[in-house]
Amino acid sequence: AQSVTQLGSHVSVSEGALVLLRCNYSSSVPPYLFWYVQYPNQGLQLLLKYTSAATLVKGINGFEAEFKKSETSFHLTKPSAHMSDAAEYFCAVSVAGTASKLTFGTGTRLQVTL
Amino acid sequence: EAGVTQFPSHSVIEKGQTVTLRCDPISGHDNLYWYRRVMGKEIKFLLHFVKESKQDESGMPNNRFLAERTGGTYSTLKVQPAELEDSGVYFCASSQEFTLGNTIYFGEGSWLTVV
């Protein structure tokens, strides 16, 4: 079965600093990988997804993630944090034969300080 | 275009009572999913409808949970009788297809507190 591990339940960065949220996956077959974000009092919103095309994926709001098969990782980055990026971020995996069912990590709450 | 809508947004009930959560998917989306996040844990899959048929209900925790999607439009998730461990956020999601990598759109969630 596939799984996702998100290192760090809470991450704090200064405004303007690099954002790095870590995600490692486990899957015996090629995975599709997703990052979702949940802003306060809102639903889950898709940030970006990897679907076996380009390994560097660009998403909304300046975020990007790189699929590294050798490291089984799909870390989320943003060069310069903004206060509005404060939210909870979820990494998820889906594999063939599961009808797009998503397996999520435990989430990382990002705090952005002045 | 309206997104996935869920009702109620918050519900507080006593142990042993019944709660029914409703989800309206994006119009035209045949695939409807229910997920749940218990406090501090990961978001977990509950079940998947294709139109009115249950495609996969492997994540349903026990028979106190009943999901329906009559007519293939909106769906309800009933918890009867509710237990303390059922507290959490229940997310509904929908997608147009269930091909791998297809985008799944989530609602804002229904927060359930059982006291």
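Keep in mind that what you see is a predicted model, and the values were worked out from it rather than measured. (Residues numbered from 1 in each chain as written. Chains lettered and ligands numbered in written order. Predicted model: local features only at pLDDT ≥ 70, side-chain atom pairs only at ≥ 80, totals over all residues. Heavy atoms only, no water.)

Trainee: What is the right way to read the overall build of chain B from this model?
Mentor: Within chain B, the secondary structure is distributed over zero helices and 11 strands. Ordered by position from the N terminus, the helices and strands of chain B form the series β-β-β-β-β-β-β-β-β-β-β. Here chain B has a C-alpha radius of gyration of 13 Å; the compact-globule value for 115 residues is 13 Å, and the two agree. Seen along its three principal axes, the alpha-carbon backbone of chain B occupies a region of about 40 × 25 × 25 Å. (Helix = DSSP H or I, 4+ residues; strand = E, 2+ residues; numbered from the N terminus. Rg over C-alpha atoms; globule rule 2.2 N^0.38 Å.)

Trainee: I would appreciate a short explanation of the nonpolar core in the present structure.
Mentor: Looking at soluble globular proteins, one finds that nonpolar side chains tend to be buried together. Counting residues in hydrophobic clusters, the biggest one holds 28 residues, and the most contacted among them are W35, L48, F74, L76 and Y89 of chain A. Every element with two or more residues in this core is listed here: β2 (10-14), β3 (19-21), β5 (31-38), β6 (44-50), β8 (64-68), β9 (73-78), β10 (87-95) and β12 (108-113) of chain A. Ignoring any residue separated from it by four or fewer positions in sequence, one finds L48 of chain A in contact with L33, F34, W35, V57, K58, G59, F63, E64, A65, F74 and L76 of chain A. The next biggest cluster of nonpolar side chains, apart from the first, holds 21 residues, and it includes V4, V19, L46 and Y90 of chain B. (Core = buried A, V, L, I, M, F, W, Y, C linked by side-chain atoms within 4.5 Å. Buried < 20%, exposed > 50% of the residue type's maximum accessible area, 1.4 Å probe, protein only. Contact = heavy atoms within 4.5 Å.)

Trainee: Honestly, the interface of chain A and chain B in this entry has me stumped. Any pointers?
Mentor: How big an interface is tends to be reported as the loss of accessible area on association of its parts. With 23 residues of chain A at the interface, the matching set in chain B holds 21 residues. Taken together, the links from chain A to chain B amount to two salt bridges. The shortest N-O distance in the salt bridge between R37 of chain B and E88 of chain A comes to 2.9 Å. Applying the counting rule to chain A against chain B returns six residue pairs in polar contact (both at pLDDT 80 or more). Every element with two or more residues in the side of chain A that touches chain B is listed here: β5, β6 and β10 of chain A. Partitioned by chemical class, the residues of the side of chain A that touches chain B number 11 nonpolar, nine polar and three charged. (Salt bridge = Lys/Arg side-chain N within 4 Å of Asp/Glu carboxyl O. Polar contact = N/O pair within 3.5 Å; in protein donor to acceptor, adjacent residues only side chain to side chain. Nonpolar A, V, L, I, M, F, W, Y, C, P; charged D, E, K, R; others polar.)

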